Amino acid sequence: MISQLSIFTENTKGAMLKVSKAVSDAGIDIYNVVTNDSAEFGIVRMLTTDPEKAKDILTDLGYMCKLDRVIGVEIPDDVGSLTTLLDTLYTCNINIDYLYVSYSRDSKTPLAVMKVIGYVEVESSLNSRGYKTI
C-alpha cells in the first residue's frame, strides 16, 4: 500500500504553486498529483517521497491535510488494460472509492492508484489473479 497525501486548498490562482513550492522547497519529490475541484475548494492528492514530512510542512502552513492508504496496481501499457482491471474488481465484488492512473517509475508501467475498503482483501484478490500491487 501507498501513503497518499490529500490537501484541501482554496480554488484560487496560485494555490497549486504554493503547495508545490512548500513541498519542493523541503526537498520532497512529488511523483504524482491529481486535483479535484469545486467552486471554492479543491482536493489535491499527491504521492511524494516523504508524505509524512510533506503533511507536517503543509499543516504548519495552515492547510488541512490527511494521509490515506491507497493501493497501486501495475497494469500493462496496452489498450483495455484498465478495463480488464476494473472487470476483475467488479467480479471480485470490490467497490472503488476513487481511482486515477499514474506511472510507476520503478516498473516503468502505468499504475492504477485506488482507494478501496478492505485493503488486505483487495490486495490478496488482485495478487491471486496475477496483478502486482504496491
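As a reminder, the structure under discussion sits directly above these lines.
Attention in this report is confined to the structure presented alongside it. (Residues numbered from 1 in each chain as written. Predicted model: local features only at pLDDT ≥ 70, side-chain atom pairs only at ≥ 80, totals over all residues. Heavy atoms only, no water.)

## Notes on helix H3 (residues 81–91)
Part 1: Those residues of H3 that sit buried are Ser81, Leu85, Thr88 and Leu89. Each buried residue of H3 sits inside an arc of 100 degrees when the element is viewed along its axis, so together they form one side. Opposite its buried face, H3 presents the exposed residues Thr83, Tyr90 and Thr91, each directed more than 90 degrees away.
Part 2: Where H3 terminates, the next one or two residues include asparagine 93, which has phi positive at roughly 60 degrees. (Buried < 20%, exposed > 50% of the residue type's maximum accessible area, 1.4 Å probe, protein only. Helix = DSSP H or I, 4+ residues; strand = E, 2+ residues; numbered from the N terminus. Arc of directions from axis to C-beta.)

## Considerations on the pattern of salt bridges
Part 1: This model, assessed by the stated rule, comprises five salt bridges.
Part 2: Here aspartate 68 ties to lysine 66 by a salt bridge, and the two come within 3.6 Å at their closest N and O atoms.
Part 3: A relative accessible area of 36% places lysine 66 in the partly exposed class.
Part 4: Salt-bridge contacts for glutamate 74 lead to lysine 132; the nearest nitrogen and oxygen are separated by 3.8 Å. Here lysine 132 lies in the segment after helix H4 (119–128) and glutamate 74 lies in strand S4 (residues 64–74), a separation of 58 residues in the sequence.
Part 5: Accessibility expressed as a relative area gives 16% for glutamate 74, which makes it buried.
Part 6: Through salt bridges that share partners, Lys66, Asp68 and Lys115 make up one connected network. (Salt bridge = Lys/Arg side-chain N within 4 Å of Asp/Glu carboxyl O.)

## Quick look at the side chain of aspartate 68
Part 1: Mapped onto the fold, aspartate 68 is located in strand S4.
Part 2: A relative accessible area of 10% places aspartate 68 in the buried class.
Part 3: Among the polar contacts made by the side chain of aspartate 68, one reaches the side chain of serine 6 at a distance of 3.3 Å.
Part 4: Once residues lying within four places of it in the same chain are set aside, the contact partners of aspartate 68 are Ile2, Ser3, Gln4, Ser6, Tyr98 and Lys115. (Polar contact = N/O pair within 3.5 Å; in protein donor to acceptor, adjacent residues only side chain to side chain. Contact = heavy atoms within 4.5 Å.)

## What about the pairing of strand S3 (residues 41–48)?
Part 1: For S3, the tally of buried residues reaches six of eight residues, placing the bulk of the element in the interior.
Part 2: The pairing of strand S1 (residues 2–10) with S3 spans six bridges and is antiparallel. Looking across to S3, one finds that threonine 9 is bridged to glycine 42.
Part 3: Summarising the sheet, strand S2 (residues 30–37) and S3 pair through seven bridges and their orientation is antiparallel. Bridged to aspartate 37 within S3 is glycine 42. (Pairing = 2+ DSSP bridges.)

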